[in-house]
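Read off the chains here:
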Amino acid sequence: MPFGQGHTLRVSEIFASLQGESSRAGFPTVFVRLTGCPLRCVWCDTEYAYQGGETLGLETILNDVAAHKLHYVCVTGGEPLAQAACPALLSALCDAGYSVSLETSGALDIGSIDPRVSRIVDLKAPGSGESERNRYENIPLLNAQDEIKIVLADIEDYLWAKQQLTSLRLTEHCPVLLSPVIGQLDPTSLAEWIVRDRLPVRFQLQLHKVLWKNTRGR
């Protein structure tokens, strides 16, 4: 099949901003936000991407990304892997020479993702309301270029995350990031708990919310 033919995706938005999360935080990045998500985390900050958007072919998406003239590209959602053509998009972006990351909920299989992609995989804490959707089979598939992100709403979520670090030996697979739910868990408290307990994790805030006070980073 010729390149770009037969693959379409529902796209909520494509825009350039600073990456706000992960070890790539601070890098100018093109975001491709795909529409749709099977999860309903209670603290979700991208509900606008649950529906709507525009159906675009791979060629159009690649042209839109190229117009921003940036090296880093992040495919996010919603839940991008809910769309069957997402792996093809990720591979096409890698083929085009971009440094590509994928932000995924951790509820769907990541096994088909191009190995050149950095996979940022959520592990849903109980406070999300979706912890039963965690696909633990993904964890052995992770490697040093991937990351696990755990968003925490309260002390109970933090204690749960501590247990997962030990029982699943998460840091043996890839770096682990702990983030507070803005407006629910005081960031300073989380930072102090991490230091007190000597956790081998990275603390992170959503940089785009610090800079622009919104979810879209612009």
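One can find the structure itself at the top, above this paragraph.
Calculation notes
Residues numbered from 1 in each chain as written. Predicted model: local features only at pLDDT ≥ 70, side-chain atom pairs only at ≥ 80, totals over all residues. Heavy atoms only, no water. Helix = DSSP H or I, 4+ residues; strand = E, 2+ residues; numbered from the N terminus. Contact = heavy atoms within 4.5 Å. Polar contact = N/O pair within 3.5 Å; in protein donor to acceptor, adjacent residues only side chain to side chain. Buried < 20%, exposed > 50% of the residue type's maximum accessible area, 1.4 Å probe, protein only. Pairing = 2+ DSSP bridges. Salt bridge = Lys/Arg side-chain N within 4 Å of Asp/Glu carboxyl O.

Draft legend 1. Layout of the environment of Asp114. Take Asp114: it is sitting in the loop between β5 (99–104) and β6 (118–122). Sequence-wise, Asp114 and Ala92 are 22 residues apart; in three dimensions their C-alpha atoms are separated by 9.6 Å. The residues touching Asp114, leaving out its near neighbours within four places in the chain, are Ser91 and Cys94. One polar contact links Asp114 to Ser91, side chain to side chain, over a distance of 3.0 Å.

Draft legend 2. Seen up close, unusual backbone geometry. Across the junction of Gly77 and Gly78, the peptide omega takes the value 15°, indicating a cis bond. Positionally, Gly78 belongs in the loop between β4 (72–76) and α2 (86–95). Its identity as a non-glycine residue notwithstanding, Ser22 has a phi of 75°, on the positive side. Structurally, Ser22 can be placed in the loop between β1 (8–18) and β2 (28–34). The backbone phi angle of Arg198 is positive, close to 55°, even though this residue is not glycine. Mapped onto the secondary structure, Arg198 falls in the loop between α4 (187–197) and β9 (202–203).

Draft legend 3. Structural context of the pairing of β2. By the criterion of burial, β2 is predominantly enclosed, with six of the seven residues buried. Bridge analysis of β1 against β2 gives seven bridges, and the strand direction is antiparallel. The residue bridging Ser17 from the neighbouring strand is Thr29, located in β2.

Draft legend 4. View of the pattern of salt bridges. In the structure shown here, the tally under the stated rule is eleven salt bridges. A salt bridge links Glu21 to Lys149, with the shortest nitrogen-to-oxygen separation between them at 3.3 Å. With a gap of 128 residues between them, Glu21 in the loop between β1 and β2 and Lys149 in strand β7 (residues 147–152) connect regions that are remote in the sequence. In this structure Glu21 comes out as buried when scored by relative accessible area, which is 9%. Across the pair Asp114 and Arg116 runs a salt bridge whose closest N-O atoms are separated by 2.8 Å. Assessed through its relative accessible area of 12%, Asp114 is described here as buried. Among the ionic contacts, a cluster of salt bridges with common partners joins Glu21, Asp122, Lys124 and Lys149.

Draft legend 5. Structural view of the environment of Leu108. Looking at where Leu108 falls in the secondary structure, it is placed in the loop between β5 and β6. By relative accessible area, Leu108 is classed as partly exposed at 24%. Measuring from C-alpha to C-alpha, the distance between Leu108 and Gln163 comes to 22 Å, with 55 residues separating the pair along the chain. Discounting residues that sit within four places of it in the chain, Leu108 has contacts with Glu79, Leu81, Ala82, Arg135 and Asn138.

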